[in-house]
Amino acid sequence: MFKRLFILCICAVMLLLSNISLNTSIFSGYTKRVEVYLGKGGSLSQIQTIDVKDYPYYSGVYGQSFKTDLNEFDLKSFLDDFDAKVIFTESIDEGVSYYAYSPKIKERVNLKGKTINLQIFVGTTVTVGAPLIYGSF
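### Details of the sheet that holds strand E2 (residues 46–51)
- Taken together, the seven strands give an open sheet; going across it, the order is E2-E1-E3-E9-E8-E5-E4, and neighbouring strands pair in antiparallel fashion. The open sheet has two free edges, formed respectively by E2 and strand E4 (85–92), since each of these has just one partner strand. Ignoring strand direction, the axes of neighbouring strands in this sheet form an average angle of 20°.
- As defined by bridge partners, strand E1 (residues 33–38) adjoins strand E3 (residues 61–69) across four bridges and the pair is classed as antiparallel. Within the sheet, the bridge partner assigned to Val36 lies in E3 and is Gln64.

### Let's talk about the confidence of the model for the chain
- Put simply, the chain has an average pLDDT of 85, and 80% of its residues get 70 or more.
- Across residues 11–21, confidence stays below pLDDT 50; counting only partners more than four residues off in sequence or on other chains, it has two contacts.

### Side note on the packing of aromatic side chains
- Counted according to the given criterion, the structure contains 11 aromatic pairs.
- Judged by centre distance (6.0 Å) and plane angle (65°), the rings of Phe27 and Phe82 are edge-to-face. Of this pair, Phe27 sits in the loop between helix H1 (2–22) and E1 while Phe82 sits in the loop between helix H2 (75–81) and E4; the two residues are 55 residues apart in sequence, bridging distant segments of the chain. With respect to class, Phe27 is no different from Phe82; both count as buried.
- An aromatic cluster is defined as three or more aromatic residues linked by ring pairs; in this entry it consists of Phe27, Tyr30, Phe66, Phe73, Phe78 and Phe82.

### Let's talk about the pattern of salt bridges
- This structure, assessed with the given rule, holds six salt bridges.
- By sharing partners, the salt bridges in this structure join Arg33, Asp51, Lys53 and Asp54 into a single network.

Reading the values: rules and limits
Residues numbered from 1 in each chain as written. Predicted model: local features only at pLDDT ≥ 70, side-chain atom pairs only at ≥ 80, totals over all residues. Heavy atoms only, no water. Pairing = 2+ DSSP bridges. Helix = DSSP H or I, 4+ residues; strand = E, 2+ residues; numbered from the N terminus. Axes fitted to C-alpha atoms, helices over the stretch in contact; angles between N-to-C directions. pLDDT = per-residue confidence, 0-100. Contact = heavy atoms within 4.5 Å. Phe/Tyr/Trp six-rings, centres within 6.5 Å; stacked < 30°, edge-to-face > 60°. Buried < 20%, exposed > 50% of the residue type's maximum accessible area, 1.4 Å probe, protein only. Salt bridge = Lys/Arg side-chain N within 4 Å of Asp/Glu carboxyl O.

Pasting the structure below:
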């Protein structure tokens, strides 16, 4: 009986550890810190800035974003890395928002009748969000 219980406990711990190791930020190759959106629903989400190494320990993450310097970001390479296609763009005085779809990102929103899951705002800095950027650029 003790042997079965011990094996069951070991299996549970291994399952937990494998789940944590598989749950990484989609932006971990681009930044060391991300903003995570906890809970579903843009303005209702709680936004926290965390280290990407801590991402596996968060649950209820609906989306995420990061900021980077304009001179350190290559839009075409980034889109290629995510197999993303730009669906439409919006220009404002401060810059341009690219709204895209990537099959590599599971969260999705419907915007202007289109399925979107990646927003990239290029201004004096770059902000990238999935499925959208919540908060400010």
